[in-house]
Amino acid sequence: EIVRSASYNVVIGRDSAEVADRLAWYEDHLGRSVPPELAAASAEALRTGPLVGTPEQIVERLRGLAGDGLEYAITYFAEAAYDDAGIRLFADEVIPALADELAGPSHRRYPATAGTQPPPATTTADGAPSGSGGMARMSGRTSPWRHAL
């Protein structure tokens, strides 16, 4: 079985101003280690990604991608090592809005069982979350930690 999956950078905010602030943070943060023109180009590429916007916009885009055949979305939150607000907003608003689409049989490689706990979160030395946010299975199948972002 071939599972159609894709990896997406997520920039989420409660409104367009918060999304713009997060994008500006990304460009500024990246600009500390790469030339300004590369930081600007990277920020522009991020800005035009499908999972950039408000929770409502991201839900709509994920539903559209699922309708086009996406079965598994791997999400990455660039600011996760410094600020978990984006991950929390995604977990609080996007995942519940997609709950019906996410419910159903589990992926064959990750069978869900009653009482399955999500894998431990990876954190930095100061206790902040690090790495990507998590994975969500579309089209009625999901990993056992689908809600653990």
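Here the structure is a predicted model, which is why all the values come from computation and not from measurement. (Residues numbered from 1 in each chain as written. Predicted model: local features only at pLDDT ≥ 70, side-chain atom pairs only at ≥ 80, totals over all residues. Heavy atoms only, no water.)

Outline the packing of aromatic side chains, listing residues and values.
In total, this model carries two aromatic pairs according to the counting rule given. Here Trp25 and Tyr82 contribute two aromatic rings whose centre-to-centre distance is 5.6 Å and whose plane-to-plane angle is 55°, an arrangement assigned as tilted. Placement of the pair is Trp25 in helix 1 (residues 16-30) and Tyr82 in the loop between strand 4 (72-76) and helix 4 (85-97), with a sequence separation of 57 residues. With a centroid separation of 5.5 Å and 80° between ring planes, the pair formed by Phe77 and Phe90 is classed as edge-to-face. Of the two residues, Phe77 is situated in the loop between strand 4 and helix 4 and Phe90 in helix 4; the sequence distance between them amounts to 13 residues. For the pair Phe77 and Phe90, one class covers both residues: buried. (Phe/Tyr/Trp six-rings, centres within 6.5 Å; stacked < 30°, edge-to-face > 60°. Helix = DSSP H or I, 4+ residues; strand = E, 2+ residues; numbered from the N terminus. Buried < 20%, exposed > 50% of the residue type's maximum accessible area, 1.4 Å probe, protein only.)

Let's hear about the packing of helix 3 (residues 55-67) against helix 4: which residues, and what values?
Put simply, helix 3 and helix 4 touch, their axes get as near as 9 Å, and they point 45° apart. Put simply, helix 3 runs oblique to helix 4. Considering only the axes of helix 3 and helix 4, their crossing is right-handed. For the pair helix 3 and helix 4, the contacting residues are Pro55, Glu56, Ile58, Val59, Leu62 and Arg63 in the first and Leu89, Phe90, Glu93, Val94 and Ala97 in the second. Tallied by class, residues from the contact of helix 3 with helix 4 come to eight nonpolar, no polar and three charged. (Axes fitted to C-alpha atoms, helices over the stretch in contact; angles between N-to-C directions. Parallel < 35°, antiparallel > 145°, perpendicular 65-115°, else oblique. Left-handed = near helix turned anticlockwise from the far one by under 90°. Contact = heavy atoms within 4.5 Å. Nonpolar A, V, L, I, M, F, W, Y, C, P; charged D, E, K, R; others polar.)

If you had to explain the environment of Glu44 to someone new, which residues and values would you point to?
Tracing the chain through its elements places Glu44 in helix 2 (residues 36-47). Taking the relative accessible area as the measure of exposure, Glu44 reaches 39% and is therefore partly exposed.

Take it as geometry only, folks, not as evidence of what the structure does.
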